[in-house]
Amino acid sequence: MPAQRTGARAPAPTAPTAPTAPFTRARRRVALGLGAAAGAGLVLVGAAFGWYAYTETHAVLAPSAYAPLRPGTPYGDLAAVLPDREAHDPPTDRAPAPPAGTDCHYYRASGELLVSVDHFRLCFDGRNRLAAKDVVPGAGRTGEAPGTRAAREETAR
C-alpha cells in the first residue's frame, strides 16, 4: 500500500534576516527610551508648575481684606482673614526696614502668576499684635494696590 499524502505542506524556508534588523531594534529601543524620558520630563514640569500655582494663589490677601486691618489688633483676631500660606519669595529687598522687635509676614496682593505683584507686609510685635502694615510694590512698580492708600494713612496716625 503506498503512503498517502496529507494536505500539509512543508514549512516555507525563512528569508535570511537582513543585516539591518539589529539596528532597527536598537533604534526602536532608543526611541522608546527617549519618549519615556520626554514624558517623564513633561510630568515633572507640569507638577512643578502646579505646585507653583497652588502656593502662589494660596498666599493672596485681598486688598479689601487688607484695608480694614488696624494696628494693635491681636493676631488671633486677624487669623480668619489671612491666607493659608505666606508668600514664599517675599520682596524683602524692596520693603522698608521693619520696626524693631517685630516679626513680619508677607502676602501677595494678587493671584496673578508669572508676574511681579504687590505684596502686603504685616509686622507683629512681641505680644503678637499687629504693629505695622505696609504695601511693597512689585518689581518695577511704584504705585499701590487698589484700596490701600487709606489703610496706610490710617496706620500712620
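Residues numbered from 1 in each chain as written. Predicted model: local features only at pLDDT ≥ 70, side-chain atom pairs only at ≥ 80, totals over all residues. Heavy atoms only, no water.

**Overview of the overall build of the chain**
Right, so step 1: The secondary structure content of the chain amounts to four helices and three strands.
Right, so step 2: Helices and strands appear in the chain in the N-to-C order α-α-α-β-β-β-α.
Right, so step 3: Looking at the chain residue by residue over its 157 residues, the buried ones come to 25%.
Right, so step 4: Within the chain, contacts between residues at least 6 apart in sequence are counted, and of these 54% link residues at least 24 apart.
Right, so step 5: Accessible surface for the chain amounts to roughly 10600 Å². Of this, 60% is attributable to carbon and sulfur atoms. (Helix = DSSP H or I, 4+ residues; strand = E, 2+ residues; numbered from the N terminus. Buried < 20%, exposed > 50% of the residue type's maximum accessible area, 1.4 Å probe, protein only. Contact = heavy atoms within 4.5 Å. Areas by Shrake-Rupley, 256 points an atom, 1.4 Å probe, with all protein chains shown as cover.)

**Regarding the confidence of the model for the chain**
One rule of thumb: low pLDDT means the predicted coordinates there are not for detailed reading.
Right, so step 1: Mean pLDDT over the chain works out to 84, with 76% of the residues at or above the 70 mark.
Right, so step 2: Averaged pLDDT values over the elements of the chain bottom out at 42 in helix H4 (residues 149-156) and peak at 96 in strand S2 (residues 119-124).
Right, so step 3: Predicted confidence is poor over residues 144-157, with pLDDT under 50, and the contacts of this stretch with residues over four places away or in other chains come to 20 contacts. (pLDDT = per-residue confidence, 0-100.)

**Notes on the pairing of strand S1 (residues 103-108)**
Right, so step 1: With respect to burial, S1 is a largely interior element, five of its six residues being buried.
Right, so step 2: Both S1 and S2 contribute to a ladder of six bridges, which runs antiparallel. Bridging from a neighbouring strand, Cys104 pairs with Cys123 of S2. (Pairing = 2+ DSSP bridges.)

**Some points on unusual backbone geometry**
Right, so step 1: The residue Leu114 is not glycine, and still its phi comes out positive at about 65°.
Right, so step 2: Residue placement: Leu114 occurs in the loop between S1 and S2.
Right, so step 3: Phi angles above zero are rare outside glycine, and Asn128 is one such case at about 65°.
Right, so step 4: Mapped onto the secondary structure, Asn128 falls in the loop between S2 and strand S3 (130-136).
Right, so step 5: The class for Asn128 is partly exposed, based on a relative accessible area of 42%.

**Quick notes on the pattern of salt bridges**
Right, so step 1: Evaluation of the coordinates by the stated rule reveals two salt bridges.
Right, so step 2: We note a salt bridge from Arg108 to Glu56, for which the minimum N-O separation is 2.5 Å. Placement of Arg108 in strand S1 and of Glu56 in helix H1 (residues 21-57) is noted, with a sequence separation of 52 residues between them. Here Arg108 matches Glu56 in class, with each residue buried. (Salt bridge = Lys/Arg side-chain N within 4 Å of Asp/Glu carboxyl O.)

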